[in-house]
Amino acid sequence: TVNFNDLLRLSQNYNTSGKAWNSGDSNYDGTVNFNDLLKLSQNGDSVEYSTYLGGSQVDSARSIGVDAKGRAHVTGATILGVFPVKDAFQPVAGGCTDAFYSRLSPDGSSLEYSTYIGGVNIDEGKGVAVDECGVAYVTGLTFSPDLPVINPYQRFLGGESPFSVEVSDAYV
């Protein structure tokens, strides 16, 4: 299990320094379009790493989990399909606003995995939990009838009808 000494917090407008992964996007103009991820030391008096996570459009981290190896697992929402992906389950955005799930190395210097999660409508990652084996569970909100589902408890958006309109559902 992870204790509070492994706290990672999200913030905005914090300068990255030291070991940090960066998407290499040279279009950053100082506006709050990125997520900033900080890992604090065990006693909380210093920053072990700080890094941006995002593309050149508006990205919003909503939840973070930390596994036993110290890797940060982050989920949230991104727009316009310019979020960095790596070894992705879904390498291309499904619509204008998609959820994302990303995992960073324990020292924050590399992106180990990153994927879109979404269909044709609005999708947002709202929570992430990591079990003792390092398996991540992402939850969120979807308005997309074509959200990729595998072995689903509920096959269709809005219940058991494939033609539900103007509804949203949670996803896991």
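Note that the structure is a prediction, hence the values are computed from the model and not measured. Along each chain, numbering runs from 1 in the same order as the chain's sequence is written. Totals for whole chains, interfaces and linings use all residues, but because this is a predicted model, local features are given only for residues with pLDDT of at least 70 and pairs of side-chain atoms are given and counted only at 80 or more. Calculation of side-chain values draws on the structure's entire complement of heavy atoms; hydrogens and water are dropped beforehand.

Asks: In this structure, what is going on with the nonpolar core? I would like to understand it.
Replies: For this analysis, a nonpolar core means a set of buried residues of the types Ala, Val, Leu, Ile, Met, Phe, Trp, Tyr and Cys, connected via side-chain atoms within 4.5 Å. Accessible area is worked out with a 1.4 Å probe on protein chains only. A residue is then buried under 20% of its type maximum, exposed over 50%, and partly exposed in between. Counting residues in each nonpolar core, the largest one holds eleven residues, listed as L37, Y49, L53, A61, A72, V74, F83, F100, L104, L111 and Y116. Within the residue set of this core, elements represented by two or more residues are β3 (47–53), β5 (72–79), β6 (97–104) and β7 (111–117). A99, Y101, I117 and V138 belong to the second largest nonpolar core, which has seven residues in total. In this text, helices come from DSSP runs of H or I with a minimum length of four residues, and strands from runs of E with a minimum of two, each type numbered from the N-terminal end.

Asks: Any chance you could explain the pattern of salt bridges here in plain terms?
Replies: When their charged atoms lie close together, side chains carrying opposite charge are able to pair. Any carboxyl oxygen of Asp or Glu within 4 Å of a side-chain nitrogen of Lys or Arg constitutes a salt bridge here. Under the definition given, this model contains six salt bridges. For K39, the salt bridge is made with E48, and the minimal N-O distance between the two is 3.9 Å. Here K39 falls in the buried class, since its relative accessible area comes to 13%. Between R71 and E112 there is a salt bridge, with the nearest N and O atoms lying 3.5 Å from each other. Residue R71 is located in the loop between β4 (59–66) and β5, and its partner E112 is located in strand β7; the two are separated by 41 residues in the primary sequence.

Asks: Before we go on, may I ask you to explain the packing of aromatic side chains in this structure?
Replies: The relative placement of two aromatic rings is captured by the distance of their centres and the angle of their planes. Pairs were defined over the aromatic rings of Phe, Tyr and Trp, the Trp ring being its six-membered one, requiring ring centres within 6.5 Å. Orientation was assigned from the angle between planes: stacked under 30 degrees, edge-to-face over 60, tilted for the rest. Taken as a whole and assessed by the stated rule, the structure comprises two aromatic pairs. Plain terms: the ring middles of F83 and F100 are 4.2 Å apart, the flat faces sit at 25° to each other, and that makes the pair stacked. With F83 in the loop between β5 and β6 and F100 in strand β6, this pair connects stretches of sequence that are 17 residues apart. On the basis of relative accessible area, F100 is assigned to the buried category, the value being 0%. Arranged with centres 5.9 Å apart and planes meeting at 50°, the rings of Y101 and Y113 form a pair that is tilted. Remark: Y113 occurs in strand β7 and Y101 occurs in strand β6; sequence separation between them is twelve residues. With respect to class, Y101 is no different from Y113; both count as buried.

Asks: Sorry, what's going on with the environment of A129 here?
Replies: Within the secondary structure, A129 sits in strand β8 (residues 123–130). Along the chain, A129 and V66 lie 63 residues apart, while their C-alpha atoms are 8.0 Å from each other. In contact with A129, not counting residues within four places along its chain, are V135, A136 and Y137. Residue contacts are counted whenever heavy atoms from the two residues lie within 4.5 Å of one another.

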